[in-house]
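What follows is each chain in one-letter form.
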Protein chains: 2
Amino acid sequence: MDPESLLSGPELSGQGCVVLLSGGLDSVTTLYYARSRGLRLHAISFDYGQKHSIELKRATNVAAQVGVEDHSIIQLDTGVFQKSALTDRGIPVPEDQYSEQSNSENQGPDGALPKIPTQTIPITYVPGRNILFLSYALSYCESRDLDHIFIGANAVDYSGYPDCRPEFIKAFQTMANLGTRSGQEGKGIRIQAPLIQLTKAQIITLGLKLGVDYSLTSSCYQPGSNGQPCGKCDSCIIRARGFAAAGAVDPLTA
Amino acid sequence: MDPESLLSGPELSGQGCVVLLSGGLDSVTTLYYARSRGLRLHAISFDYGQKHSIELKRATNVAAQVGVEDHSIIQLDTGVFQKSALTDRGIPVPEDQYSEQSNSENQGPDGALPKIPTQTIPITYVPGRNILFLSYALSYCESRDLDHIFIGANAVDYSGYPDCRPEFIKAFQTMANLGTRSGQEGKGIRIQAPLIQLTKAQIITLGLKLGVDYSLTSSCYQPGSNGQPCGKCDSCIIRARGFAAAGAVDPLTA
């Protein structure tokens, strides 16, 4: 998909949205994209006991910089997400896994990084995370008459999570239309995943055109105490390769 | 649907489930039904700023009586559900609405109460409530390797909520299968709504056979300080008619 086509997408001036804002590269690019469409902006972040909670500070800074109308940080019960390397202190975050799977059988589309086979969903998968985040955003939107939920899910250069794929987003939309007043009586709340078919390099290229300052983002699953990336987890490796493929410099590691 | 067929349903001994336990008539009957199938029982209740928070005390008592392995009361941010008569202190709970719609055009199936037309979803609708509750339960289940989510949703004698219908439950199941590891790699978590096709009278008849003590439940949307039902809201009226049609006495109002 050509990211340029997103820049000439429909103006949505006057309509309102909430952006799921983790503070990572994808969600911040998505926030800037939503702004470029003329939308009124709300943002939600979740504190769910993630090891990389530094991202919440980054999300707060970005939300302030962009000037969203409201930024909520929602505290989830830490018992809800278990058995993930991102939440369980007893499960280490895998290092150097992604690069080991760089074989031609797993090659993605043109320009994409090699894909992790979908039958091996990694230990960094968090049970039902995007389902719960989207559901929360759905109630938030319907309670405030907002029109769209934006999510930075990406199915090209990603870690093999089932809840980041187009077929999942489509099924969530169908379910949301059936289960809400707005879906039954009106046009419903639209789930927007503008990055879902882009490579990481395309996302970065798009973000730079939109004016994203990537020094304000955080992608690492196990950052140091000052937020410095480990450089070894899936997320760091995917990010580094994306910047390289985009011919750009990552300000976090420059 | 014949509720007797539920009593001879499949034994699920050794499998685990979580029951969405509001403390109302339907969810408590559902909990007893899950117990009758031999399941290991967990329960989740939500504190979301509902006016009828007395139901949380009832849920706690019932969970203790039934002996569930774990009962969680999850505190949700009170800002998530707005514009509902069940959460907004500025919106009164409608009284005597249900009875006014008792015309033949809205007659339900045999033995069912007259239905509220689906195009008029009542002001007691809470935006995306069952979607958020089911999503939370889904993450809870997948984090603990439980097999089923039980919900007391009912599409016959109900208040016209879109998220209580079979087509919604089915769409949620499809979405959950696509968006979770268990749905992609294994058999997935099953959404069970055993009461969905029963009339209120049938639910009560089933519950009495299962040994439910309905004095421990609460259905009223605006109970008094001691938990006494108002007798005028939709939920009270549906409950009273259900007991009458079942030829039983409601211990809460006897």
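Conventions adopted
- Residue indices begin from 1 for each chain and proceed along its sequence in written order.
- Chain A is the first chain written and ligand 1 is the first ligand written, with later ones labelled in order.
- For this predicted model, a pLDDT threshold of at least 70 governs which residues receive local features, and a threshold of 80 or more governs which side-chain atom pairs are given and counted, while totals over whole chains, interfaces and linings are taken from all residues.
- Only hydrogens and water are set aside when side-chain values are computed; all heavy atoms of the structure are taken into account.
- Axis lines are fitted to C-alpha atoms, over the contacting stretch for helices. Their N-to-C directions set the angle, which ranges from 0 to 180 degrees.
- Helical segments are the DSSP runs of H or I of at least four residues, strand segments are the runs of E of at least two, and each set is numbered from the N terminus.
- We call two directions roughly parallel when the angle between them is under 35 degrees, roughly antiparallel when it is over 145, roughly perpendicular when it lies between 65 and 115, and oblique otherwise.
- The handedness criterion is simple: a crossing whose near helix is rotated anticlockwise from the far helix by less than a right angle is left-handed, and one whose near helix is rotated clockwise is right-handed.
- The criterion used for residue contact is that any of the two residues' heavy atoms lie within 4.5 Å.
- Three categories are distinguished: nonpolar for Ala, Val, Leu, Ile, Met, Phe, Trp, Tyr, Cys and Pro, charged for Asp, Glu, Lys and Arg, and polar for the others, with Gly belonging to the last.
- What gets called buried area is simply the loss in accessible area from a 1.4 Å probe that two parts show on being joined, summed for both.
- A pair is scored as a salt bridge if a Lys or Arg side-chain nitrogen falls within 4 Å of a carboxyl oxygen belonging to Asp or Glu.
- The definition used for a disulfide is geometric: two cysteine sulfur atoms within 2.5 Å.
- The definition of a nonpolar core used throughout is a set of buried Ala, Val, Leu, Ile, Met, Phe, Trp, Tyr and Cys residues joined through side-chain atoms within 4.5 Å.
- The rule is simple: take the accessible area with a 1.4 Å probe, protein chains only, and divide by the maximum for that residue type; under 20% is buried, over 50% is exposed, in between is partly exposed.
- Two strands are said to pair when DSSP picks up at least two bridges between them.
- Assignment of crossover handedness uses the view with strands pointing away from the viewer, where a clockwise path from the first strand over the helix to the second indicates a right-handed crossover.
- Our superposition of the copies is a least-squares fit, built on the C-alpha atoms of residues whose pLDDT is at least 70 in both.
- Two aromatic rings, drawn from Phe, Tyr or Trp (for Trp, its six-membered ring), form a pair once their centres lie within 6.5 Å of each other, and the interplanar angle then sorts them: stacked below 30 degrees, edge-to-face above 60, tilted otherwise.
- Charge-over-ring contacts are defined here by two conditions on Lys NZ or Arg CZ: a distance within 6 Å of the ring centre and an angle within 35 degrees of the ring normal.
- pLDDT expresses how confident the predictor is about each individual residue, on a scale running from 0 to 100.

Trainee: Could you clarify how one ought to interpret the packing of helix 7 (residues 200-210) of chain B against helix 8 (residues 234-246) of chain B in this entry?
Mentor: To characterise two packed helices, one gives the angle between the axes of the helices and the distance between these axes. Residues and elements named next belong to chain B. Running from amino to carboxyl end, helix 7 crosses helix 8 at an angle of 65°, the nearest separation of the two axes being 8 Å. The orientation of helix 7 with respect to helix 8, classified from their angle, is roughly perpendicular. Once helix 7 is placed against helix 8, the crossing between them reads as right-handed. Taken together, the residues of helix 8 that come into contact with helix 7 (itself represented by Lys200, Ala201, Ile204 and Thr205) are Ile238, Arg239, Gly242, Phe243, Ala245 and Ala246. Its residues assigned to classes, the contact of helix 7 with helix 8 shows six nonpolar, two polar and two charged.

Trainee: Any chance you could explain the interface of chain A and chain B here in plain terms?
Mentor: Interfaces are often described in size by the accessible area the parts lose on coming together. Taken residue by residue, the interface counts 42 residues in chain A and 42 residues in chain B. Across the chain A/chain B interface, buried area totals approximately 3,500 Å², and carbon plus sulfur atoms make up 57% of it. Joining chain A to chain B, the criterion identifies two salt bridges. Elements supplying a minimum of two residues to the side of chain A that touches chain B: helix 4 (129-144), helix 5 (166-179) and helix 6 (181-185) of chain A. Sort the elements by how many residues they give to the side of chain A that touches chain B and helix 4 of chain A lands first, with 11 residues. The residue inventory of the side of chain A that touches chain B, partitioned by class, reads 20 nonpolar, 11 polar and 11 charged.

Trainee: Explain the state of the cysteines to me, please; I cannot follow it from the model alone.
Mentor: In protein structure, a disulfide is the covalent linkage between the sulfur atoms of two cysteines. Residues and elements named next belong to chain A. Following the criterion strictly, the structure yields zero disulfides over all chains and no others. Here Cys233 is not cross-linked by a disulfide; its sulfur's nearest cysteine counterpart is in Cys236, at 3.8 Å. No disulfide involves Cys236; its sulfur sits 3.7 Å from that of Cys220, the nearest cysteine.

Trainee: What is the right way to read the packing of helix 2 (residues 25-36) of chain B against helix 3 (residues 54-66) of chain B from this model?
Mentor: Residue and element names in this part refer to chain B. Two elements in contact, helix 2 and helix 3, have axes whose closest approach is 11 Å; the angle formed by their N-to-C orientations is 15°. With respect to helix 3, the axis of helix 2 lies roughly parallel. The handedness of the crossing between helix 2 and helix 3 is right-handed. Contacts from Val28, Leu31, Tyr32 and Arg35 in helix 2 reach Val62, Gln65 and Val66 in helix 3. When grouped by side-chain class, the residues that make up the contact of helix 2 with helix 3 number five nonpolar, one polar and one charged.

Trainee: What's the story with the nonpolar core in this structure? I'm lost.
Mentor: The tendency in soluble globular proteins is for nonpolar side chains to be buried as a group. Among the nonpolar cores identified, the biggest contains 90 residues, and Phe172 of chain A together with Phe172 of chain B are the most heavily contacted of them. Looking at this core, the elements that each hand over two or more residues are strand 1 (16-20), strand 2 (40-47), helix 4 and helix 5 of chain A together with strand 1 (16-20), strand 2 (40-47), helix 4 (129-144) and helix 5 (166-179) of chain B. If we skip the residues at most four places from it in the chain, Phe172 of chain A touches Ile131, Leu134, Ser135, Leu138 and Ile191 of chain A together with Met175 of chain B. In this structure, Val28, Val68, Leu210 and Tyr214 of chain B belong to the second largest nonpolar core, which totals 30 residues.

Trainee: Just checking my understanding: could you explain the pairing of strand 3 (residues 70-75) of chain A for this structure?
Mentor: Side chains on a regular strand alternate between the two faces of the sheet. Residues and elements named next belong to chain A. Strand direction decides the pairing type here: strand 2 and strand 3, joined by six bridges, are parallel. Residue Ala43 lies in a different strand from strand 3, and its bridge partner there is His71. The parallel pair strand 2 and strand 3, bridged by helix 3 (residues 54-66), forms a crossover whose chirality is right-handed.

Trainee: Could you clarify how one ought to interpret the sheet that holds strand 1 of chain A in this entry?
Mentor: All names here are of chain A. Reading across the sheet, the five strands line up as 3-2-1-4-5 and stay open at both edges, with parallel pairing between neighbours. Two strands bound the open sheet, and with one partner strand each, they are strand 3 and strand 5 (190-192). Pairwise comparison of adjacent strand axes, ignoring direction, gives a mean angle of 25° for this sheet.

Trainee: Help me understand the sheet that holds strand 5 (residues 190-192) of chain B in this model?
Mentor: Backbone-to-backbone hydrogen bonds pair the strands of a sheet. The strands run either parallel or antiparallel. Residues and elements named next belong to chain B. Spatially, five strands are ordered 3-2-1-4-5 in an open sheet, and the strand pairing comes out parallel. On the outer flanks of this sheet lie strand 3 (70-75) and strand 5, each paired with one strand and no other. The mean angle between the axes of side-by-side strands here comes to 25°, regardless of whether they run parallel or antiparallel.

Trainee: Teacher, can you tell me more about the relation of the copies chain A and chain B here?
Mentor: The operation relating the two chain copies consists of a rotation about an axis and a shift along that axis. If you rotate chain A by 180° and push it 0.0 Å along the axis, it lands on chain B with an RMSD of 0.0 Å. Taken together, the rotation angle and the small translation identify this as a two-fold axis. A shared binding surface is used by both copies, with 100% of the interface residues of chain A retained as interface residues in chain B.

Trainee: What's the story with the packing of aromatic side chains in this structure? I'm lost.
Mentor: Any aromatic ring pair is given by two values, namely how distant the centres are and how the planes are angled relative to each other. Residues and elements named next belong to chain A. Evaluation of the coordinates by the stated rule reveals 16 aromatic pairs over all chains. The rings of Phe46, Tyr48, Phe81, Phe133 and Tyr136 are connected pair by pair, giving a single aromatic cluster. In this structure, Arg129 packs its charged tip against the face of Tyr161, placed 6.0 Å from the ring centre.

Trainee: How do you make sense of the side chain of Ser143 of chain B when you look at a structure like this?
Mentor: With respect to the element layout, Ser143 of chain B can be found in helix 4. With relative accessibility at 1%, the residue Ser143 of chain B sits in the buried group.

Trainee: What is the right way to look at the confidence of the model for chain A in this model?
Mentor: When pLDDT drops low, the exact placement of atoms in the prediction is not to be read closely. Residue and element names in this part refer to chain A. Mean pLDDT over chain A stands at 90; residues scoring 70 or higher make up 91%. Every residue in residues 99-108 scores below 50 in pLDDT, and together they form 15 contacts with partners more than four places removed in sequence or on other chains. Per the prediction output, this complex has pTM 0.92; the corresponding ipTM is 0.92.

Trainee: Hey, could you run me through the pattern of salt bridges in this one?
Mentor: Where charged atoms of side chains with opposite charge meet at close range, the side chains can pair. Residues and elements named next belong to chain B. Overall, the coordinates contain 15 salt bridges over all chains when judged by the stated rule. As a salt-bridge pair, Glu4 and Lys209 come within 1.8 Å of each other at their nearest N and O atoms. Pair noted here: Glu4 is in helix 1 (residues 3-7) and Lys209 is in helix 7, with a separation of 205 residues, a long-range link. Using a relative accessible area of 36% as the deciding quantity, one classes Glu4 as partly exposed. In this structure, Glu167 engages Arg165 in a salt bridge whose closest nitrogen and oxygen atoms are separated by 3.1 Å. Judged by relative accessible area, Arg165 falls into the buried class, the value being 12%.

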